[in-house]
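Listed below, chain by chain, are the residues.
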Amino acid sequence: MSGVVVPVVRIQREDFDVAAEIARLTEGRADIGAVVTFCGLCRDEQGRLSALELEHYPGMAEAEIARIAGEAIERWPLQGLTVIHRHGKVRPGENIVLVVTASAHRQAAFEAANFLMDYLKSRAPFWKKEHHADGSAGGWVDAKEIDDKAAGRWKAPSK
Amino acid sequence: MSGVVVPVVRIQREDFDVAAEIARLTEGRADIGAVVTFCGLCRDEQGRLSALELEHYPGMAEAEIARIAGEAIERWPLQGLTVIHRHGKVRPGENIVLVVTASAHRQAAFEAANFLMDYLKSRAPFWKKEHHADGSAGGWVDAKEIDDKAAGRWKAPSK
Amino acid sequence: MATKLIYFAWVRERIGKPEEDVELPAGIETVADLLRWLKSRGEEYEHALQYPDVIRVAINQEHVEHREKIAGAREIALFPPMTGG
Amino acid sequence: MATKLIYFAWVRERIGKPEEDVELPAGIETVADLLRWLKSRGEEYEHALQYPDVIRVAINQEHVEHREKIAGAREIALFPPMTGG
């Protein structure tokens, strides 16, 4: 173990490379037993969408994701943690968000990745606007109550 | 959706390429919203190990993983599923096992990957032997009760 | 002292600008007070803030509740519930 | 009729061979019967099957319980609890 884990947080327009991000966390070490990645992709909703446009709050987006990442590092024995969130226009089939967690043990890696996604959905300042394939005006995606509930399940009763 | 999902199951000596396996499930489609990967890696246990040797039961290993994959496809709305398990000698820092799950929704992808790992650990016919870094004779890794318990948590009360 | 207000997503679109500097009148102590005052500033604000309960607010780039005091805020952002991830 | 027995991991190492064909004597009906009989075949079997409860068994490449009947088995595999994944 190399002491304190510093999460990698990036907000960017460009796509990301999952294999390179896994390698960044694992290369040259032999103490990691489990790496979980989550990729969120843009769906076309049965051909209805031509793109999603992701607006974000520069500055706060990075700060808020860093706060969430810091909470994950406190709660689970992680050896590495990366969160990358894209902004701008994303086409169906393209990547939107990546979370990578590395740990000695698989449950920690799974739970931390799941927690990070729930918190990103409900607390990271990003908004999605739909672009319709038929050229009609698209609207802003509604927040789902289910995402708030999903985030709520991580609240410890003692907290 | 393209109807029935056929899981990819491979038992191989060679390493695998996570990015290529994600691409195999997602390329050319726009109905996948979430891809989860789990990589299990060989740890050196604070320098104690020089390698793990993975023995398996050829034929049954493929069949049993295919059964577990089929169960996952019945239980979660998956759009793709890949399991690759290596055999032979694996060095610290190298990959042992890969699970990839693709779904429209993130919870299905997370839960199915977690389920697959628990079942692989407790039902796939593989055995790990330790090789010690100091040249002393290594032994077979003991099965952990915690892995059986982890698999047990997926049993529905009605089953 | 001027306070910087920043708007995102449909709040930005309805108000018709991404940000502005405002002089807050006396008596605006909490986020809820701010929302009430803004709503009275014209049709576009009325439209954007029609249902104040759904508006999320960050002060100096941190989430806050509507009952939060805004004293010391350099930057207050108003936006709809987030849909990232 | 000969039945093929296959051994893995420390069961294989202790018995000293990866597989063998055996003629099962009359009266061997279940997996538990088979384990009891095998254990009586010599020191190496005694050593491998000392604690029969921990031995896992597959018939024709499917996991079975020790109470399972072995009639119709072409291939019976004995091995320790699995440690893959």
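If you look chain C up in an unreviewed UniProt entry, it shows as Molybdopterin converting factor subunit 1 from Mesorhizobium waimense.

As recorded by an unreviewed UniProt entry, chain A carries the name Molybdopterin synthase catalytic subunit and is attributed to Mesorhizobium waimense. The record held by UniProt for chain A lists under Pathway (unreviewed entry) the comment "Cofactor biosynthesis; molybdopterin biosynthesis." Under the Function (unreviewed entry) heading, UniProt states for chain A: "Converts molybdopterin precursor Z into molybdopterin. This requires the incorporation of two sulfur atoms into precursor Z to generate a dithiolene group. The sulfur is provided by MoaD."

A. Examining the sheet that holds strand β2 (residues 34-41) of chain A more closely. Judged by pairing direction, the sheet is mixed, and its eight strands sit side by side in the order β1(A)-β4(A)-β6(A)-β2(A)-β2(B)-β6(B)-β4(B)-β1(B) without closing on themselves. Looking along the sheet, the strands with just one partner apiece sit at the ends: β1 (8-12) of chain A together with β1 (8-12) of chain B. This sheet shows a mean twist of 10 degrees between the axes of neighbouring strands, independent of strand direction. Note: β2(A) against strand β6 (residues 95-103) of chain A, eight bridges, orientation antiparallel. By the bridge assignment, Phe38(A) is partnered in β6(A) with Val99(A). Sitting on the sheet, helix α1 (residues 18-26) of chain B touches β2 of chain A together with β1, β2 (34-41), β4 (78-86) and β6 (95-103) of chain B, and the angle it makes with β6(B) is about 25 degrees.

B. Quick look at the interface of chain B and chain A. Taken together, the contacts link 35 residues of chain B with 35 residues of chain A. Surface buried jointly by chain B and chain A totals about 2600 Å² across both partners, of which 56% is contributed by carbon and sulfur atoms. In terms of surface lost to chain A, no three residues of chain B exceed Arg43(B), Arg106(B) and Phe110(B), which account for 26% of the buried area on that side. Run the count over chain B and chain A and you get two salt bridges.

C. Representation of the side chain of Asp33(C). Residue and element names in this part refer to chain C. Following the sequence through the fold, Asp 33 ends up in helix α2 (residues 31-39). At 3.0 Å, the side chain of Asp 33 forms a polar contact with the backbone nitrogen of Thr 30. Asp 33 has contacts with Gly 27 and Ile 28, leaving out every residue within four places of it along the chain.

D. The arrangement of the chains, seen in detail. No other pair among the three pairs of chains in contact exceeds the contact count of chains A and B. Between chain B and chain C there is no contact, and the shortest C-alpha to C-alpha distance separating them is 10 Å. Chain A shows no contact with chain D. Their nearest C-alpha atoms sit 10 Å apart.

E. Representation of the relation of the copies chain B and chain A within the structure. The transform that puts chain B on chain A rotates by 180 degrees and translates by 0.0 Å along the axis, for an RMSD of 0.0 Å. The transformation relating the two chain copies, once decomposed into turn and shift, fits a two-fold axis. Comparing interface residues between copies, 100% of those in chain B also sit at the interface in chain A, which points to an isologous, same-surface contact.

F. How the structure looks around the confidence of the model for chain C. With 100% of its residues at a pLDDT of 70 or more, chain C has an overall mean of 96. Two summary scores accompany this predicted model of the complex, namely pTM at 0.94 and ipTM at 0.93.

Conventions used here
- Residues numbered from 1 in each chain as written.
- Chains lettered and ligands numbered in written order.
- Predicted model: local features only at pLDDT ≥ 70, side-chain atom pairs only at ≥ 80, totals over all residues.
- Heavy atoms only, no water.
- UniProt positions renumbered as here; feature names shortened; annotations may be inferred.
- Pairing = 2+ DSSP bridges.
- Helix = DSSP H or I, 4+ residues; strand = E, 2+ residues; numbered from the N terminus.
- Axes fitted to C-alpha atoms, helices over the stretch in contact; angles between N-to-C directions.
- Contact = heavy atoms within 4.5 Å.
- Buried area = accessible area lost by both parts, 1.4 Å probe.
- Salt bridge = Lys/Arg side-chain N within 4 Å of Asp/Glu carboxyl O.
- Polar contact = N/O pair within 3.5 Å; in protein donor to acceptor, adjacent residues only side chain to side chain.
- Least-squares fit on C-alpha atoms with pLDDT ≥ 70 in both.
- pLDDT = per-residue confidence, 0-100.

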